[in-house]
Amino acid sequence: MMNPKRLISNTQLSLLMLAFPISCMGQQKLSIAGTWYFRMDTADKGISEKWFMNYPLSQETILLPGSMPQRNKGFTPTLHTQWTASIYDSSWYFDPDMAKFRQPDSLKFPFFLTPKKYYVGPAWYQRKIKIPENLNHQCVILYLERVHWQSTVWIDSVLIGQGNSLSCPHEFVLPENIKPGTHLLTIRVDNRILNINPGKDSHSLTDQTQGNWNGIVGKMFLIAHPLCYIKNIQTFPDIVHQQVIVHLSISNQTKKSIAGKIQLNGYSFNTTEKLHVDPLQLPVHLPAGDTTLSINYNLGKKIALWDEFHPSLYHLTVQLQTQAGKDIDSTDFGMREFKTEGTYFTVNGKKTFIRGTVENCDFPLTGYPPMDVNAWLRIFKICKSYGLNEMRFHSYCPPEAAFKAADLTGMYLHVEGPSWANHGSSLGDGHPIDQYIYDETNRIDQYYGNHPSFCMMAYGNEPRGAHQVAYLNAFVDYWKQKDPRHLYTGASVGMSWPWVKEEQFIVRSGPRGLPWANESPNTLFDYQKAIAGHDIPYVAHEMGQYCAFPDFKQINQYTGVMQPRNFELFRDILNEHHLGDEAENFLMASGKLQLLCYKGEIEAALRTPGMAGFELLALNDYTGQGTALVGVLNVFWQSKGYVTPSIFSSFCNAVTPLARIPKFTYYNTDTFQAYIQIANFSPKPLQQALIKWTIRNDKNHVLAESQFLKKKIPIGNDIIPDTIRFPLYNIEHAEKCTLSIEIAGTPYRNQWSFWVYPHHQIDLHHLQNIYITHEFDSSAVQALSQGKNVLLLCADHVILGKDVSMHFLPVFWNTSWFKMRPPHTTGIFVDTTHPLFKYFPTAYYQDFQWWSIANKQPVMWIKDFPPAFKPIVQPIDTWFRNRRLALIWEAKVGKGKILACSSDLETNSKKYPEANQLLYAIIQYMQSSAFQPKYVVSVHQIESLFSSNDQSGTYHSFTTDAPDELNKKQ
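Everything numeric here is computed off the predicted structure, so don't read it as measured data.

**A few points about the packing of aromatic side chains**
Tallying each qualifying case throughout the model produces 71 aromatic pairs. Ring geometry for Phe403 against Phe454: centres 5.8 Å apart, planes inclined by 55°, an arrangement best described as tilted. Residue Phe403 is found in helix α3 (residues 400-409), and its partner Phe454 is found in strand β29 (residues 454-461); the two are separated by 51 residues along the sequence. The same class applies to Phe403 as to Phe454, namely buried. Plain terms: the ring middles of Phe549 and Phe552 are 6.0 Å apart, the flat faces sit at 85° to each other, and that makes the pair edge-to-face.

Next up, the structure:
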């Protein structure tokens, strides 16, 4: 098989014929990129009608490489489009409130991005080529990169072959008796799921991500070889003996034995020092047909190793000289060993910790993954700037450009077969997908196996099938025997999937999640119990999945094949509910909570002894499966504005200072205490490390500090037996404090905020000038009519909004995909300009001091309040509903004034310092001259909160299927 490194730049060529413009080193190449005749085959009759013999197919043309949507081919999506994707929430199709979004001229699907054009079926591509005279007695190969997905090729009326790889180039050997002159090249591409079903949600083909496009989007060329040529080069590094073992696959088409010689030449690059390797020349005797040779190539006394810190590479050129002519091929490789040591991964014998993200094939401008190295370099450099060192490709394999870029930047890649054998498919049940996985992963290994960044491989994602365990055990065992350059696991899965005993590492959802829904926030916990009993590396599967509110600023960036109609729908609903001007506030506030949760979960993984790593889902947004806004970056890998690489990498890095803190809110009679822990997965132990800690208040005044010298911080994440103790009695007023820990002389620094309050004795029964009530009853109305100040603590009495579930943690993945499973909110937005917060220090977003106030507390749906009305504290609803919610609000009612809070402050103020302080702050505010509500609300509007039977917010999914996480598996 031909190595795809032998390329020339694509050029626009004539439709009529092409000639070989280049002849060098025994090879001749011809780009066939350019304008082709094109025809859709909606009735699937092209084969029976022999379109491959008709020239031209039609008068319609298309530019290749490219996809049909990219070239504006296909049909405009309609309400009845049959998508290649699961839809678990069909409410959009039936909800009367969504009717305006179902109109033909204004279709706005909430499920995923909408392609401008859509087509599923066969499409035909055709043009003439010219085979020059000097190609007699040559082997000519057609090379097509990234075909989507099943190809059939004819030269003139002769069927050449078929290809069905979703991961690797399709290659076809032209007939050996092909005559010089003009020939008709016809390619049929079919993007339907036929007998081979990878699963309609597989990221290799689903509309949830890249889209199910038809076309050829990579390099396209013909290449001529001598009849005895190099089909493939595989390199196997041997670091111990400072050599690379080169496996050469050679094809001798002369039909007789032939003698010749092979020469190997190598040098290093992407290094500070270029190392030249002595050439090696060997005689060979090649029988007719295919031969595999193994050659030990010594790299010299000094070798350059590849890893995330020093991504040193080698370039190897192989020249074959025989009577048939000269053939030259080349490949890049790295000297690295990716192994396991107990429960850790090792790179070249050194422990590492996987800090990964999942790449879901979300590329809205093209609808397919980038085919150029620079685009991937940008993505990987962004990942590295955020402290990551690994990327998992969810149920798809990227093109070679991604491997090249990962090689250059030092990213570890976890590659998967192009299958999520679920949702209409299964694994191990004797279906064609079973063999296809073997065929496809063999192709992946053959084309991309030399890349040092290619470290891990799985069959794919979360399969279904009664016999999946036996299948995956055999699959892993097959690959362990075949290619030791990579490590293998059966599948990336959640906890409900059965275990695969042969796997070399585990990717499973056990060691993830935050306990903050049931206990006050702390950093004492880790995932030791989740990984206990396993003696191989355990990587947390799809960690995070905490959502932020949609970023509507990005809508104008969708200038390619995908349209953000889902975002437009969410924005329109927001505007309808008089919240359009809050979009940016909701984004930033929810983003800060999302960041807090990611920090909590990543640090817990880094605190866990013996844990091998995590894979986020994901660093950037996922625009499918109901629109899952789980990224701190948008889908274009751009900042949303609420986090920088330096902030994120402060808690996610090769070296990360950590602190085990029992709680984050205190009375000033308490003592703050924390234990220091350093996760060190840098290239070597830290010698003579000076660790400093500082506690500052919100005015940046130093309250306490200290330092201590450690002679050695080993590789790992050991707890350092030094305790931070800081009595809080000198803090007289409510104050936010920040603990910072740093390793002096390095960029490694991390910090945590905590809050300190005086303990207030609050007697709600003897307050002056405030009428306290739990119900908005006739007494409350009378008090307002008399001009009194009313404090409504209504936690147990809210009706309008009681179906909205607010937790401290934000929406997981999204509420649509999981059938409105709680929580429904993504944090709160706080009006920090409000005088209420004079005695309650807070940012505009939900931080740890809001835990007892916001976690599992009722909210008020103020749908009937005046359109301009703004609450003081506003829960942020799921973007599928965008209900106008309130936790704390105030208003003028007749002659009186009212402040309402649905959080149970009365109970929680006796248990939690922050609730005690907020109740105190509310009372102080209401007793001050600053209590001057801006908005006027009627008695009837308030009464609606406690009496309305409004059903407009009622949710119905209109479907019985569900994601696997909602199904119990055997």
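Back to the text.
**What about helix α14 (residues 939-947)?**
Turning to α14, its buried residues number three or more, namely Gln941, Ile942, Ser944, Leu945 and Phe946. Those residues of α14 hidden inside the fold are in contact with β44 (789-793), β46 (860-861), β49 (888-893) and β50 (896-901).

**As for the packing of helix α4 (residues 432-448) against helix α5 (residues 468-482)**
At a minimum axis separation of 12 Å, α4 and α5 run at an interaxial angle of 25°. Our classification of the angle between α4 and α5 gives roughly parallel. For the crossing formed where α4 meets α5, the hand is right-handed. The segment α4 lies against α5, with Ile433, Asp434, Ile437, Tyr438, Thr441, Asn442 and Asp445 engaging Tyr471, Ala474, Phe475, Tyr478, Trp479 and Lys482. Of the residues contributing to the contact of α4 with α5, the split by class is eight nonpolar, two polar and three charged.

**Digging into the nonpolar core**
Within the largest apolar cluster, 205 residues are counted, with the highest numbers of intra-cluster contacts made by Trp376, Met391, Phe614, Phe648, Phe672, Leu739 and Phe754. When residues in this core are grouped by element, the largest group, 14 residues, is from helix α8 (residues 583-607). Ignoring anything within four residues of it in the chain, the contact list for Trp376 reads Glu359, Phe363, Pro369, Pro370, Met391, Phe393, Tyr396, Pro398, Pro399, Ala401, Ala402 and Ala405. The next biggest cluster of nonpolar side chains, apart from the first, holds 30 residues, and it includes Tyr119, Tyr125, Val153 and Met220.

**Quick word on the environment of Glu416**
Its place among the elements puts Glu416 in strand β28 (residues 412-416). Each C-alpha atom, one on Glu416 and one on Cys383, is 19 Å from the other, the two residues being 33 residues apart in sequence. Ignoring any residue separated from it by four or fewer positions in sequence, one finds Glu416 in contact with Arg392, Phe393, His394, Ser395, Tyr396, Cys397, Ile444, Ala458, Tyr459, Gly460, Asn461 and Ser492. Among the polar contacts made by the side chain of Glu416, one reaches the side chain of His414 at a distance of 3.4 Å.

**Notes on the sheet that holds strand β9 (residues 147-148)**
On the basis of which strands lie adjacent, the open sheet formed by three strands has the order β5-β14-β9 and antiparallel pairing. Each edge of the open sheet carries a strand with a single partner, namely β5 (66-67) and β9. The pairing of β5 with strand β14 (residues 215-216) spans two bridges and is classified as antiparallel. Of the residues in β14, the one forming a bridge with Ser67 is Gly215.

**Comments concerning the pattern of salt bridges**
Going through the model one piece at a time under the given rule, you end up with 33 salt bridges. Note that Glu576 and Lys100 form a salt bridge whose closest N and O atoms lie 3.5 Å from each other. Within this pair, whereas Glu576 is found in helix α7 (residues 565-576), its partner Lys100 is found in the loop between α1 (91-94) and β6 (114-115), the two being separated by 476 residues in sequence. The exposure class assigned to Glu576 is partly exposed, which follows from its relative accessible area of 37%. Across the pair Lys219 and Glu145 runs a salt bridge, and its minimum N-O distance is 3.2 Å. Residue Lys219 is located in the loop between β14 and β15 (220-226), and its partner Glu145 is located in the loop between β8 (138-144) and β9; the two are separated by 74 residues in the primary sequence. Grouping residues by exposure puts Lys219 and Glu145 together as buried. One continuous salt-bridge network, built from bridges that share partners, spans Asp44, Arg188, Asp190 and Arg192.

**A few points about the side chain of His225**
Along the polypeptide, His225 turns up in strand β15. Only 3.2 Å separates the side chain of His225 from the side chain of Asp327, close enough to count as a polar contact.

**Description of unusual backbone geometry**
In this model, His148 is joined to Trp149 through a cis peptide bond whose omega is -15°. The residue Trp149 is located in the loop between β9 and β10 (150-155) in this model. The omega torsion across Leu617 and Ala618 is 0°, close enough to zero to call that bond cis. Phi is positive for Lys50, close to 55°, though the residue is something other than glycine. Given a relative accessible area of 45%, Lys50 falls into the partly exposed group.

Each value, and the rule that gives it
- Residues numbered from 1 in each chain as written.
- Predicted model: local features only at pLDDT ≥ 70, side-chain atom pairs only at ≥ 80, totals over all residues.
- Heavy atoms only, no water.
- Phe/Tyr/Trp six-rings, centres within 6.5 Å; stacked < 30°, edge-to-face > 60°.
- Helix = DSSP H or I, 4+ residues; strand = E, 2+ residues; numbered from the N terminus.
- Buried < 20%, exposed > 50% of the residue type's maximum accessible area, 1.4 Å probe, protein only.
- Contact = heavy atoms within 4.5 Å.
- Axes fitted to C-alpha atoms, helices over the stretch in contact; angles between N-to-C directions.
- Parallel < 35°, antiparallel > 145°, perpendicular 65-115°, else oblique.
- Left-handed = near helix turned anticlockwise from the far one by under 90°.
- Nonpolar A, V, L, I, M, F, W, Y, C, P; charged D, E, K, R; others polar.
- Core = buried A, V, L, I, M, F, W, Y, C linked by side-chain atoms within 4.5 Å.
- Polar contact = N/O pair within 3.5 Å; in protein donor to acceptor, adjacent residues only side chain to side chain.
- Pairing = 2+ DSSP bridges.
- Salt bridge = Lys/Arg side-chain N within 4 Å of Asp/Glu carboxyl O.

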